[in-house]
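Structure assessment
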Amino acid sequence: MIPSFPETRPNKPPYQLKPEEKLKQPFQNLIKPDTKPNFLNKYSTLAEFPLLPKGIMPSPSKEPITEKTMVQPFNTTTSRNAVIQTRDSYAMKAPKSYSEAVKTETPQKQKEIVQISKEIPKWEFINTQVVPIMALDKQYENFKVEELLKPCYTNYQYVDTDNPFKTRKYYEFILVDTDSIQIEHHYFKNNPETIEYSKFTIKRILSPFDWFVDHLHTQIHLSREHRPQTYNWYDYKVAWFNFLYVRPYTHTWFIKYSDKLKDTIIPRWFYEWWNLFGGNQQVMDPSFQVHYKHFQEEQQISTLPEHIKLCKYFIHKRISYIINWSFDIHESKRIRYLSKSIKIKGWTPKPKEKRSTSSSSTRREPRVSKTRRLQ
């Protein structure tokens with residue numbers, strides 16, 4: 001049944017409105033609580049997972065976010081409520097020590113003695129890619145980002161799609177349902193309905209030649225009730241590019257890899273994703289940088305494009321990093337664009353402190369009984 005929409009018409013035709021009138025009610029905040037469905041809002045009811053338990057997909061934060069908001073540093077010491085988004089738990093083997101986390105293969109042909117600094121690098125976010133959203137006409141070039149976002153997205157869903165029913169949750173659900181990734185959302189302690197940061201583990205990447213059905217356009221049903229209820233191969237591919245857009249400026253993703261992923265063949269289409277969201281040498285720990293050239297020679301991939309070599313190396317060595325994104329205005333060839341800026345930051349596990357053994361001077365001498373002293 002197709003929902004009926006209210007028959008409302010603007011007082012003036014669009015071509016008679018000035019730019020200021022078109023954007024008369026801009027976004028006050030980039031983050032807005034979920035709107036309750038009513039007669040004038042039909043999309044809200046189509047952007048939920050009816051059968052998912054409460055708390056898995058919380059409403060966005062009520063705190064106002066601006067372009068000047070700084071990204072909070074990644075901190076793993078604070079206790080938070082974490083919810084794993086997969087149907088089946090998938091335990092990852094965390095490194096027991098710092099030396100195990102950065103352990104790399106030693107070259108067999110030629111042994112080199114490389115001195116690696118023991119200091120932990122101070123990582124900062126770096127801009128890697130810009131995704132143009134909309135070219136700005138001259139009369140809109142001086143508008144703020146919050147005002148320009150209004151005509152681009154529906155109900156604060158920051159995904160790039162021509163179907164407003166296909167929300168970020170829908171794309172995230174596809175990747176979880178196909179067992180491609182495992183997602184873990186961590187929530188603010190003082191606001192348990194708002195995601196502070198998230199982690200995702202890449203478990204497998206499906207190729208169009210290994211799709212579940214014969215034809216890529218054939219619709220497949222999701223395992224739980226949802227609207228839309230079906231997806232195809234092209235939805236699956238687009239899901240990889242859209243599930244990361246949870247919240248601009250302050251939300252971060254921590255990327256991990258399954259230990260079985262390095263033994264699989266990476267589909268070539270995935271290198272497009274890596275070119276946009278993948279890591280580079282600037283976010284590598286020094287322990288991995290010194291062996292990057294040898295890995296290329298060993299795998300015979302020295303002549304491949306840089307982003308393909310990096311993708312293979314990051315997955316093989318399971319190098320983690322952090323992804324963040326924001327809205328910006330970028331200029332290219334004298335044309336200004338409303339864009340998404342992709343940012344990444346390196347991460348190094350903290351080494352565990354070694355327990356200091358007690359010295360001989362601090363050892364206690366055995367007690368001597370009184371009778372023995374008298375003797």
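See the structure shown above.
Residues numbered from 1 in each chain as written. Predicted model: local features only at pLDDT ≥ 70, side-chain atom pairs only at ≥ 80, totals over all residues. Heavy atoms only, no water.

**Here's the deal with the pairing of strand β9 (residues 335-346)**
Counting buried positions over the twelve residues of β9 gives nine, a clear majority of the element. Looking at chain direction, strand β2 (residues 126-135) and β9 are connected through eight bridges and run antiparallel. Pairing of Val-130 across the sheet is with Ser-341, part of β9. Where strand β8 (residues 321-332) lies against β9, twelve bridges are found, and the strand directions are antiparallel. When the sheet's bridge partners are listed, Asn-324 is paired in β9 with Lys-343. Connecting β8 to the next strand, β9, in antiparallel fashion are two residues, including Lys-333 with a positive phi near 55°. (Buried < 20%, exposed > 50% of the residue type's maximum accessible area, 1.4 Å probe, protein only. Helix = DSSP H or I, 4+ residues; strand = E, 2+ residues; numbered from the N terminus. Pairing = 2+ DSSP bridges.)

**Concerning the pattern of salt bridges**
Taken as a whole, this structure holds six salt bridges when the rule is applied. Of the charged contacts in the structure, one is a salt bridge between Lys-340 and Asp-160, with a shortest N-O distance of 3.3 Å. Here Lys-340, found in strand β9, pairs with Asp-160, found in the loop between α3 (145-148) and α4 (168-177); they are 180 residues apart in sequence, far enough to count as distant. Measuring nitrogen to oxygen at the nearest pair gives 2.9 Å for the salt bridge that ties Asp-235 to Lys-166. With Asp-235 in helix α5 (residues 233-242) and Lys-166 in the loop between α3 and α4, this pair connects stretches of sequence that are 69 residues apart. Both residues of the pair, Asp-235 and Lys-166, count as buried. (Salt bridge = Lys/Arg side-chain N within 4 Å of Asp/Glu carboxyl O.)

**Comments concerning unusual backbone geometry**
The linkage connecting Arg-227 with the following residue, Pro-228, adopts the cis geometry, with an omega of 0°. By the element assignment, Pro-228 lies in the loop between β5 (220-221) and β6 (230-231). The phi dihedral of Arg-318 falls on the positive side, at around 55°, and the residue is not glycine. Relative to the assigned elements, Arg-318 resides in the loop between α9 (306-317) and β8. Take Arg-318: its relative accessible area is 30%, and that puts it in the partly exposed class. Even without glycine at this site, Arg-334 takes up a positive phi of about 70°. Take Arg-334: it is sitting in the loop between β8 and β9. Owing to a relative accessible area of 78%, Arg-334 belongs among the exposed residues under this scheme.

**Side note on the packing of α4 against α5**
Closest axis-to-axis distance for the α4/α5 pair is 8 Å, and the angle between their directions is 115°. With respect to α5, the axis of α4 lies roughly perpendicular. When you trace α4 past α5, the crossing you get is left-handed. Each of Arg-168, Tyr-170, Tyr-171, Ile-174 and Leu-175 in α4 lies in contact with α5, whose residues at this interface are Asp-235, Tyr-236, Val-238, Ala-239, Trp-240 and Asn-242. (Axes fitted to C-alpha atoms, helices over the stretch in contact; angles between N-to-C directions. Parallel < 35°, antiparallel > 145°, perpendicular 65-115°, else oblique. Left-handed = near helix turned anticlockwise from the far one by under 90°. Contact = heavy atoms within 4.5 Å.)

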